Amino acid sequence: MTEENKYNAPQEVKDLNIINTIELEDFAKEIVPSGGFDYMAGGSGDEFTLRRNVSAFNQKGILPRIAADVEFPDTQTKIFEHNLKVPFIMAPIAAHGLAHESKEAGTAKGISEFGGTIMSISAYSGASFEEIEEGLAGNPRWFQIYMSKDDELNKNILDEAKADGASAIILTADATVSGNRDRDTRNKFVYPFGMPIVSRYLTGSGENMSLNNIYGQSKQKIDLKDIQFIKHYSGLPVFIKGVQTPEDAMAAIAVGVDGIWVSNHGGRQLDGAPASFEVLEEIAEVVAGRVPIVFDSGIRRGEHIFKALASGADIVAIGRPVLFSLALGGWKGVKSVFEYFENDLKRVMQLAGTQTITDVKNARLKDLK
Ligand code: PYR
């Protein structure tokens, strides 16, 4: 990258006084270079699914429950061997360096300072495992894989993720080609830095390459055997991410998947798809507790976390609000947004008369359609 097209990522590290996470996007827009901002904030096509991911939460109402004998709600929960302080974790997202110069190490430090949650490390990270560990400091992490077309390289990547301490692998299966991201096409967006984890299977480092180019060099023809390959080779639990139908959840469970990750990739892939929240309940019904469900796409408030858990998710993953907080305040911003969600969820739990996450999962939502 030459001096004149250097990407000037924000650098400030400070606590954030977050009123709500929706306005974080506007604040981040003012300081993040426009190509990077559009890449992070944007969706595909008309951005119908992107918008609906948030608005669809309004189709269900949380019933205020009174005289419920609740005080100081307890947000602790468990997934696999992890005891979590809160029922939310970091979603896997590529290229955090677009938001802040500290890249994924900044996000990781915010998460480790908050404690009691899980960092998802993207295969398309702009930082190496070693750099991320500087921030993560031994805290739990899951590794999200974009596979190579070459299984020997996949074994290599899985070996490294395991050596790094990943306790689960997330197979993203909804990105076999990029969604039509008009903003990126208009901006001629290319990543301003490389991707150390997957550069082994790219023609370059990832720097100055478009997402289309990188997806094209990753494995595009994914099938259920890939779940089995990853599971047997790594010996780790495997999530399949991008599930939006009961049929796909059932098929993945039939081949031994360990967790279903309900997501539409934050509205960045198939535009015109329903909101991720709109498909959650029917998927949870067929999964029927056999494996855990992680939910993402559209979480902006404690109410959204509550509604997702009450609709069958075991935990939720948060994406853009964390990235925008990283941009605005580096690792301290990330810690601030995790604290915001914790406090917001506790307030919602109190008003809904739910003392524990089990109570939230058993809460009845009112259909507002
Ligand atoms: C995305 O841009 O959505 C990726 O997952 C890389």
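Since the structure is predicted, the reported quantities are computational estimates derived from the model, not experimental observations.

**Let's talk about the packing of helix α2 (residues 34-41) against helix α13 (residues 320-351)**
So, step 1. As a packed pair, α2 and α13 sit with axes 10 Å apart at the nearest point and diverge in direction by 155°. The angle between α2 and α13 places the two elements in the roughly antiparallel class. Across from F37, M40 and A41 in α2, the residues of α13 making contact are R320, L323 and F324.
So, step 2. For the contact of α2 with α13, the residue count by class is five nonpolar, no polar and one charged.

**Points about a negative patch on the surface**
So, step 1. Residues E247, D248, E282 and E285 make up a contiguous surface patch of negative charge.
So, step 2. One can find D248 in helix α10 (residues 246-254).

**Quick look at the UniProt feature "domain: FMN hydroxy acid dehydrogenase" (unreviewed entry) in the chain**
So, step 1. Under the UniProt annotation, the feature "domain: FMN hydroxy acid dehydrogenase" (unreviewed entry) is placed at residues 13-369.
So, step 2. As a span, residues 13-369 carries 42% helix and 13% strand, and end to end its C-alpha atoms are 43 Å apart.

**So, the pattern of salt bridges**
So, step 1. Evaluation of the coordinates by the stated rule reveals 18 salt bridges.
So, step 2. With its nearest N and O atoms 2.9 Å apart, the salt bridge here joins E47 to R183. Remark: R183 occurs in helix α7 (residues 182-187) and E47 occurs in the loop between α2 and α3 (48-55); sequence separation between them is 136 residues.
So, step 3. The salt bridge involving K219 is made with D226; its shortest N-O contact spans 2.6 Å. Summarising the burial analysis for this pair, K219 and D226 share the class buried.
So, step 4. A single network of salt bridges, built from pairs that share partners, joins D38, E47 and R183.

Conventions and cut-offs
- Residues numbered from 1 in each chain as written.
- Predicted model: local features only at pLDDT ≥ 70, side-chain atom pairs only at ≥ 80, totals over all residues.
- Heavy atoms only, no water.
- Axes fitted to C-alpha atoms, helices over the stretch in contact; angles between N-to-C directions.
- Helix = DSSP H or I, 4+ residues; strand = E, 2+ residues; numbered from the N terminus.
- Parallel < 35°, antiparallel > 145°, perpendicular 65-115°, else oblique.
- Contact = heavy atoms within 4.5 Å.
- Nonpolar A, V, L, I, M, F, W, Y, C, P; charged D, E, K, R; others polar.
- Patch = residues over 30% accessible without salt bridge, like charges linked within 9 Å, V, L, I, M, F, W, Y side chains within 5 Å.
- Areas by Shrake-Rupley, 256 points an atom, 1.4 Å probe, with all protein chains shown as cover.
- Salt bridge = Lys/Arg side-chain N within 4 Å of Asp/Glu carboxyl O.
- Lys, Arg positive; Asp, Glu negative; His and termini not counted.
- Charge placed at Lys NZ, Arg CZ, Asp CG, Glu CD.
- UniProt positions renumbered as here; feature names shortened; annotations may be inferred.
- Buried < 20%, exposed > 50% of the residue type's maximum accessible area, 1.4 Å probe, protein only.

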